[in-house]
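# Close look at the chain arrangement
For reference, the chains in residue letters:
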2 protein chains.
Amino acid sequence: MRRTADVVVVGGGVIGCAVARELARRGARTIVVERGEVGAEATRAAAGMVAPQAESSGPGPLLRLGIASRERYAAWTEALAAESGVDVEYRTDGIVYAALTAADVRVLAARARWQRAAGLRVERLAHPRRHVPALGPQVRMALHFPDDHRVNNERLATALVVAARRAGVAVLERTPVAAVRARRGKVTGVDTGAGPVDAPVVVNAAGAWAGRLGLPPGVAPPPVFPVRGQIIVLRGGLEVVPRPLYSLRGYVVPRVDGRVLAGSTLEDAGYEKRVTAGAAADILAAACAMVPRLAGLTLDTAYAGLRPATPDHRPIIGAAPDLDGLVHATGHYRSGILLAPITAEAIADVVMDGRTALPVAAMRPGRFARRRRR
Amino acid sequence: MRRTADVVVVGGGVIGCAVARELARRGARTIVVERGEVGAEATRAAAGMVAPQAESSGPGPLLRLGIASRERYAAWTEALAAESGVDVEYRTDGIVYAALTAADVRVLAARARWQRAAGLRVERLAHPRRHVPALGPQVRMALHFPDDHRVNNERLATALVVAARRAGVAVLERTPVAAVRARRGKVTGVDTGAGPVDAPVVVNAAGAWAGRLGLPPGVAPPPVFPVRGQIIVLRGGLEVVPRPLYSLRGYVVPRVDGRVLAGSTLEDAGYEKRVTAGAAADILAAACAMVPRLAGLTLDTAYAGLRPATPDHRPIIGAAPDLDGLVHATGHYRSGILLAPITAEAIADVVMDGRTALPVAAMRPGRFARRRRR
């Protein structure tokens, strides 16, 4: 069977599905090709934070992009709920970031300073246990980021794929892409495990596998590599942890159903998705140090995911410099949930109009070209 | 349906099945009545140690009983293998007990002294990493108990129930006992969820539930209470941990299939079997401190069990003082696997001959009577 589309999106994670939905809404016949199941991998193994401030490592274009994406979240998730009927549990109750040592206090105080200087809201809680009684006695101070939000990433993935399908997107699951085809420097489609798909545009939203797409000779794969993260899921914690709590050693994030996610690690373990004893020990120790009452919660499950990282820890968003019709939407590392709405918008702009006014210049694929080209 | 037997054994754990097999071998028509599944509860949630020396808290009748039971293990498991066809993975490679702090060194040195004085073999390893390279740099010294052994407790439970059935024992699973019936001070049987069983002898091997048997008015239940223990199972560790390793903060025990059991906790949590975040954190931290390479193993599963404890931490073995035909075989706390063969022998002696020459006088049920009777 030979399929035809305007755009093939490779990868059915939160980025691929968001891009596909947006393209379909703008009139493009779009097919998502996913090697496994939609909403798996890094999309599933996330905590669902919409938190550019709490998770920022400093000012710069990534923070600006994150804040622009966060500003879109309320309207975007409202539209998704209307289109899909799925409540994605978008919550705007802010994030508390706890300092457990004197060194932590210095790091967080500096973070508060530069964010305030950048015009962002940050509250310093001198007596954090008055605001969050569950915090342990080790906690010395905390920051509150009132504008950082959260979503249930598993429900978000479901909502996106339903909305995409209802907008006309075809989704092929369990369908690996063997190669991106091209003729005379232009994309002509992809070869998949379920046959070829003809299309003049291919969007690479393959996450940690985005560098292994089977590109034509001479076309540089994006420099994406996997960084493993592990999450431990506890049960029975809604009253213990009513809101997300962060420290420099990990986070605990509640779900509406009473589960609490505790994470996470940053590990160079290749493509090996495993939950290890050492990571579980570290995650649980950090979580219990911040919130001692978590020690009494029930261990539910644990999982690992592979974040798509890049050399500068910024995503790769935009047209490939060396192949017409190839567009990258990958490398979102720890921010795929946060950046999904603005990535979808930017990629749809690029595909439909050839350009975007959104602040993704610093995310352009060509920025790595000098050191990689022969 | 009304059943008849010579002996009803209440409880299908390792103690109940071992007792039933021994009784059947001596000619008694025996029925095991188990509220859930055989080989579950404390039997499953054990590490399978046959280790009276490593696990001893001091000299006394419990140690003597444990050593007498250990002496029976080789022949007993050989007979079980022949009767059942199940290899119970009995291993005689000894146990290494590591000291991680100066205080640990003092405790273990004292343990070595009194055990040697009692004529038991204990080797002091001044350079334990030469013997067990996986031990971490924190380990300062270790003891080796060459005569302490181990078995796969899950396989042991399977072997016992198969051997018991082949010896003629009937096993009723998912059959709760509602009451022990008696007339004129003598047992006449039990009422179960599957109807009555008439029998002149009832053996109470109900583990942590042994105090809730539904005894006739005026008959004192044995003072057994549950102590929760949690175990974390790791995968891929046979080369990391080729033999059982203990410390004062926990143990790691390998299985032939490459799993490694890490445990354990002592918790007063009633009958609530849960795996908690705090216990998992403690167990994993203790295991990784002793054997740092365990940090790289895969987290497989976790479970909790309820050990049947007694006020003096000794089992309750023998005829009840206040009801003819009621015999207790319970309260084995952390030593049910170790003590199964000698308990079976002693109980069969008591049931068949009215007495036993085995050293169970200090385990007699009547020892709690003074403070419990009205």
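Bear in mind the structure is a predicted one, so any value in this text is a computation, not a measurement. (Residues numbered from 1 in each chain as written. Chains lettered and ligands numbered in written order. Predicted model: local features only at pLDDT ≥ 70, side-chain atom pairs only at ≥ 80, totals over all residues. Heavy atoms only, no water.)

### Points about the relation of the copies chain A and chain B
Once chain A has been moved 0.0 Å along the axis and rotated by 180°, it coincides with chain B to within an RMSD of 0.0 Å. What we have between these two chains is a two-fold relation. Considering only C-alpha atoms, the residue of chain A closest to the rotation axis is A:Ala281, which sits at 2.5 Å. Of the residues that chain A buries at the interface, 100% are likewise interface residues in chain B, meaning the two copies contact each other through the same surface. (Least-squares fit on C-alpha atoms with pLDDT ≥ 70 in both. Contact = heavy atoms within 4.5 Å.)

### So, the state of the cysteines
With the rule as written, the count across this model stands at 0 disulfides over all chains. A disulfide-free cysteine, B:Cys288 has its sulfur positioned 15 Å from the sulfur of A:Cys288, the nearest such atom. Classification of B:Cys288 as buried rests on a relative accessible area of 15%. (Disulfide = S-S within 2.5 Å. Buried < 20%, exposed > 50% of the residue type's maximum accessible area, 1.4 Å probe, protein only.)

### With respect to the packing of helix 1 (residues 14–25) of chain A against helix 6 (residues 153–166) of chain A
Residues and elements named next belong to chain A. Between helix 1 and helix 6, the least distance of the axes is 9 Å, while the angle of their chain directions is 30°. Between helix 1 and helix 6, the interaxial angle falls into the category roughly parallel. When the axes of helix 1 and helix 6 are compared, the crossing they make is left-handed. Residues Val-14, Cys-17, Ala-18 and Arg-21 of helix 1 lie in contact with helix 6, whose contacting residues are Leu-156, Leu-160, Val-161, Ala-163 and Ala-164. Class assignment of the residues belonging to the contact of helix 1 with helix 6 gives a composition of 8 nonpolar, no polar and 1 charged. (Axes fitted to C-alpha atoms, helices over the stretch in contact; angles between N-to-C directions. Helix = DSSP H or I, 4+ residues; strand = E, 2+ residues; numbered from the N terminus. Parallel < 35°, antiparallel > 145°, perpendicular 65-115°, else oblique. Left-handed = near helix turned anticlockwise from the far one by under 90°. Nonpolar A, V, L, I, M, F, W, Y, C, P; charged D, E, K, R; others polar.)

### Overview of the environment of B:Ala109
Residue and element names in this part refer to chain B. Among the structural elements, Ala-109 can be located in helix 4 (residues 102–117). For Ala-109, a relative accessible area of 11% puts it in the buried group. It is 8.3 Å that separates the C-alpha atoms of Ala-109 and Leu-143, two residues lying 34 residues apart in sequence. Beyond its immediate chain neighbours, meaning those up to four positions away, Ala-109 contacts Arg-124 and Met-141.

### So, the pairing of strand 13 (residues 201–204) of chain A
Residue and element names in this part refer to chain A. Going residue by residue along strand 13, you find Val-201 and Val-203 tucked away on one face and Val-202 and Asn-204 tucked away on the opposite face as well. Of the strand pairs in this sheet, strand 2 (residues 7–10) and strand 13 are connected by 4 bridges, and their pairing is parallel. Bridged to Val-9 within strand 13 is Val-203. The sheet contact formed by strand 13 and strand 20 (residues 326–330) spans 3 bridges and is parallel. Bridge pairing in strand 20 links Val-203 to Val-327. (Pairing = 2+ DSSP bridges.)

### So, the packing of aromatic side chains
All told, the structure shown has 12 aromatic pairs over all chains when counted by the stated rule. Ring geometry for B:Tyr73 versus B:Trp76: centroids 5.3 Å apart, planes at 75°, classification edge-to-face. One end of the pair is B:Tyr73 and the other is B:Trp76, both in helix 3 (residues 61–84) and 3 residues apart, which spans about a single turn. Here B:Tyr73 and B:Trp76 have matching classes, each one buried. Through a chain of ring-to-ring contacts, three or more aromatic side chains come together here, namely A:Tyr97, A:Phe145, A:Tyr246 and A:Tyr251. Its guanidinium or amino end placed over the ring of A:Tyr97, A:Arg111 lies 5.0 Å from that ring's centre, counting from NZ or CZ. For B:Arg35, the ring lying beneath its charged end belongs to B:Trp209, and the centroid distance is 4.3 Å. (Phe/Tyr/Trp six-rings, centres within 6.5 Å; stacked < 30°, edge-to-face > 60°. Lys NZ or Arg CZ within 6 Å of the ring centre and 35° of its normal.)

### What about the packing of helix 3 (residues 61–84) of chain A against helix 8 (residues 336–353) of chain A?
Packed helices, taken two at a time, are described by their axes: the angle between them and the distance between them. Residues and elements named next belong to chain A. For the pair helix 3 and helix 8, the least separation of the axes is 7 Å and the interaxial angle reads 85°. Relative to helix 8, the element helix 3 lies roughly perpendicular. Along the contact surface, helix 3 presents Leu-62, Leu-65, Gly-66, Ala-68, Ser-69, Arg-70, Arg-72, Tyr-73 and Trp-76, while helix 8 presents Ile-337, Leu-338, Leu-339, Ala-340, Pro-341, Ile-342 and Glu-345. Here the contact of helix 3 with helix 8 is composed, by residue class, of 11 nonpolar, 2 polar and 3 charged.

### Some thoughts on the environment of B:Arg274
In this fold, B:Arg274 is placed in the loop between strand 17 (260–263) and helix 7 (277–290). Ignoring sequence-local partners within four residues, the contact set of B:Arg274 consists of A:Gly296, A:Leu297, A:Thr298, B:Arg228, B:Gln230 and B:Ala304. There is a polar contact of 3.2 Å between the side chain of B:Arg274 and the side chain of B:Glu272. (Polar contact = N/O pair within 3.5 Å; in protein donor to acceptor, adjacent residues only side chain to side chain.)

### Section: the domain arrangement of chain A
Residue and element names in this part refer to chain A. Partitioning chain A into structural domains gives domain 1 (3–46 + 155–223 + 312–373) and domain 2 (95–146 + 225–309). On a C-alpha basis, the centres of domain 1 and domain 2 stand 31 Å from each other. The junction of domain 1 with domain 2 conceals about 1,400 Å² of combined surface from both sides, 60% of it contributed by carbon and sulfur atoms. Summed over the three residues of domain 1 that lose the most area to domain 2, namely Ala-208, Tyr-333 and Arg-334, the buried surface amounts to 37% of that side. Applying the counting rule to domain 1 against domain 2 returns 1 salt bridge. Lys-273 is the salt-bridge partner of Glu-41, the closest N and O atoms lying 2.8 Å from each other. At the boundary of domain 1 with domain 2, the tally comes to 4 residue pairs in polar contact (both at pLDDT 80 or more). Taken together, the residues of the side of domain 1 that touches domain 2 break down into 7 nonpolar, 4 polar and 4 charged. (Domains from an automatic or database assignment. Buried area = accessible area lost by both parts, 1.4 Å probe. Salt bridge = Lys/Arg side-chain N within 4 Å of Asp/Glu carboxyl O.)

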